[in-house]
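Chains, contacts and geometry: an overview
What follows is each chain in one-letter form.
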Amino acid sequence: MVNVTYDASGDLEWSGGVFNMGDIAWTLASTALVWIMIPGVGFFYSGLLRRKNALNMIYLSMMTVAVVSFQWFFWGYSLAFSDTASPYIGDLRYFALRNVLAQPSIGSARVPAIVFCVFQLMFAAITPMIAIGAVAERSRLGPLIAFVFFWSTLVYDPIACWTWNTKGWSYVLGGLDFAGGTPVHISSGTAALAISLYLGKRRGYGTERLAYKPHNTTYVILGTVFLWFGWFGFNGGSALSANLRATQACIVTNLAASVGGLTWMFWDYRLERKWSVVGFCSGAISGLVAITPGSGFVGSPAAVLFGFMAGTVCNFATQLKFIFKYDDTLDIFASHAIGGIVGNILTGLFAQASVAGADGITVIPGGWLDQNYRQLGIQLADSVSGLAYSFVMTTIILWIMHFIPGLRLRCDEETEILGVDDAEMGEFAYDYVGIESELMPRSEYNEGATGGNREPRHTAATTSQISEPEKDPGQVAGEA
């Protein structure tokens, strides 16, 4: 039994210190906020795909929560946050959460380790879910259970250790990453690129078969709502305290998302003269990604620049898949890896000691605004390290699984035609799923498109492309 008491103010007293109940409450509430982001990713991805592949993305979000929850209990927390860690990865001191309870956490002496543990679990769970969106429409589901476990252990935990553990090399060097620019976004976005290259192109790549619109824009909006809402806990909760710094983190989070959404939508308007809600949602998420590492370090004016730069750079980064001919179905590399790099760099420029010190505890030299010019180099080193490590290690994991019977990720052509929902799950997101168009002979495909449903190639639409309006799926079913 833990020997705890309460002082006159109601704070929790333990032999090792005093824990503020308000800080514990805010951190636990933020844990719930970040949890809701995980199905938010699933709904966001689901809406962008074709209806025959809609359900499995939502399922994968819940599967990831379950697998990582076990992995975090088993050894993930210890590998990331053991206080006897090496500069690169922790040990098994807290294996199976042994002795993780009331002692002060490695993140903050104001909350106990068990509270910090469950809060950080949510970050560990959402990261592989962002990455495995890259398997969309062409992967078997069973092997992904093993992949999530291995990837969390070999990729996420080491990067989280070197970024946030007080023994980690980036932390010791002075890297500034408040809520996960490198451990969450650069690592997952780069892993998505590695997965895309490993799986190869979907059936029909290079034809009009993949030049489709998102099947359910409402799901895209719903996913964005869950993500935006949860990001207040993602960034604000990373203060691990209910204080002014947490409030500032919430302000810049909302501001960067707003500016990012408007910026992306404006850039897309120049092409098709349409106000794209998918573009707005994509831009909002890119703004949220970029502000993540700097949310506890930068002021509100800087957040406007974070949102604008993320909405611009990530929007144009979606064209990389056309230039280099890889099939990143959901533009995860462009939005998360590139967005994370943008955020890390801008944090090196605009971090301020006065903002970080709003909690009354944190002391940093700041970034370029505070004449600490070496900070940009540290941010670049951290970004490049996270990108390179995630890409190489993810590729190694994928190819080792490729040669293990039963663990190969790539599905067969029949599964692509029927849809992963039918072939792998036997269940559907909707009563009606049309596959007639997928069964036509290859000779009848229209050449010219290179795929993509979140952000098309940046070329103006031709007269022939817009002359005939798209038919409603219900109308097509009626005609059939």
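Residues numbered from 1 in each chain as written. Predicted model: local features only at pLDDT ≥ 70, side-chain atom pairs only at ≥ 80, totals over all residues. Heavy atoms only, no water.

Brief notes about the packing of aromatic side chains
- If you walk through the whole model with that rule in mind, you get 29 aromatic pairs.
- Between the aromatic rings of Phe 70 and Phe 73, the centroid separation amounts to 6.1 Å while the plane-to-plane angle is 50°, which identifies the pairing as tilted. Residue Phe 70 and its partner Phe 73 are both found in helix H2 (residues 54–81); the two are separated by three residues, about one turn of the helix.
- With a relative accessible area of 45%, Phe 70 lands in the partly exposed category.
- Residue Phe 73 is classed as partly exposed on the basis of its relative accessible area, which comes to 35%.
- What links up through ring pairs into an aromatic cluster is the set Phe 70, Phe 73, Phe 74, Trp 75, Phe 95, Phe 149 and Phe 150.
- Across the ring face of Tyr 205, the terminal group of Lys 201 is positioned such that the distance to the ring centre comes to 5.3 Å. (Phe/Tyr/Trp six-rings, centres within 6.5 Å; stacked < 30°, edge-to-face > 60°. Helix = DSSP H or I, 4+ residues; strand = E, 2+ residues; numbered from the N terminus. Buried < 20%, exposed > 50% of the residue type's maximum accessible area, 1.4 Å probe, protein only. Lys NZ or Arg CZ within 6 Å of the ring centre and 35° of its normal.)

Some thoughts on the pattern of salt bridges
- Evaluation of the coordinates by the stated rule reveals nine salt bridges.
- Across the pair Glu 137 and Arg 50 runs a salt bridge whose closest N-O atoms are separated by 2.7 Å. Of the two residues, Glu 137 sits in the loop between helix H3 (113–132) and helix H4 (142–164) while Arg 50 sits in the loop between helix H1 (21–48) and H2, which places them 87 residues apart along the sequence. When sorted by exposure, Glu 137 lands in the same class as Arg 50, which is buried.
- For the salt bridge of Arg 245 with Asp 359, the shortest nitrogen-to-oxygen distance reads 3.2 Å. Within this pair, whereas Arg 245 is found in helix H8 (residues 244–272), its partner Asp 359 is found in the loop between helix H13 (353–356) and helix H14 (375–402), the two being separated by 114 residues in sequence.
- With a relative accessible area of 7%, Arg 245 lands in the buried category.
- Taken together, the shared-partner salt bridges connect Arg 50, Glu 137, Arg 202 and Asp 327 into one network. (Salt bridge = Lys/Arg side-chain N within 4 Å of Asp/Glu carboxyl O.)

Some details on the packing of H3 against helix H6 (residues 181–199)
- Two numbers describe how H3 lies on H6: the axes approach to 7 Å, and their chain directions differ by 30°. Taken as axis vectors, H3 and H6 run roughly parallel relative to one another. Pair H3 / H6 crosses with right-handed handedness. Here Phe 123, Ile 126, Thr 127, Ile 130, Ala 131 and Ile 132 of H3 lie close against H6, whose contacting residues are Pro 183, Val 184, His 185, Ser 187, Ser 188, Ala 191, Ala 192 and Ile 195.
- Residues of the contact of H3 with H6, tallied by class, amount to ten nonpolar, four polar and no charged. (Axes fitted to C-alpha atoms, helices over the stretch in contact; angles between N-to-C directions. Parallel < 35°, antiparallel > 145°, perpendicular 65-115°, else oblique. Left-handed = near helix turned anticlockwise from the far one by under 90°. Contact = heavy atoms within 4.5 Å. Nonpolar A, V, L, I, M, F, W, Y, C, P; charged D, E, K, R; others polar.)

With respect to the confidence of the model for the chain
- Mean pLDDT over the chain stands at 90; residues scoring 70 or higher make up 89%.
- Overall, residues 445–451 carries pLDDT values under 50, and its contacts beyond four positions in sequence, including any with other chains, amount to 22 contacts.
- Taken together, the stretch residues 462–480 has pLDDT below 50 and engages in eight contacts with residues farther than four places along the chain or on a different chain. (pLDDT = per-residue confidence, 0-100.)

Structural notes on the layout of surface pockets
- Counted as a void, the second largest pocket has a volume near 740 Å³.
- Along its surface, the second largest pocket is lined by 32 residues, and Gly 107, Tyr 171, Ser 238, Arg 245 and Thr 362 are the ones closest to its centre.
- Listing elements by their share of the lining of the second largest pocket, those giving two or more residues are H3 and H4.
- Looking at the lining of the second largest pocket element by element, the count peaks at four residues for H3.
- Looking at side-chain class alone, the lining of the second largest pocket contains 17 nonpolar, eleven polar and four charged residues. (1 Å grid on protein atoms, 1.4 Å probe; cavity = no way out; pocket = protein on both sides within 12 Å on 5 of 7 lines; lining within 4 Å. Points joined across faces, edges and corners; volume = space filled by probe spheres on them.)

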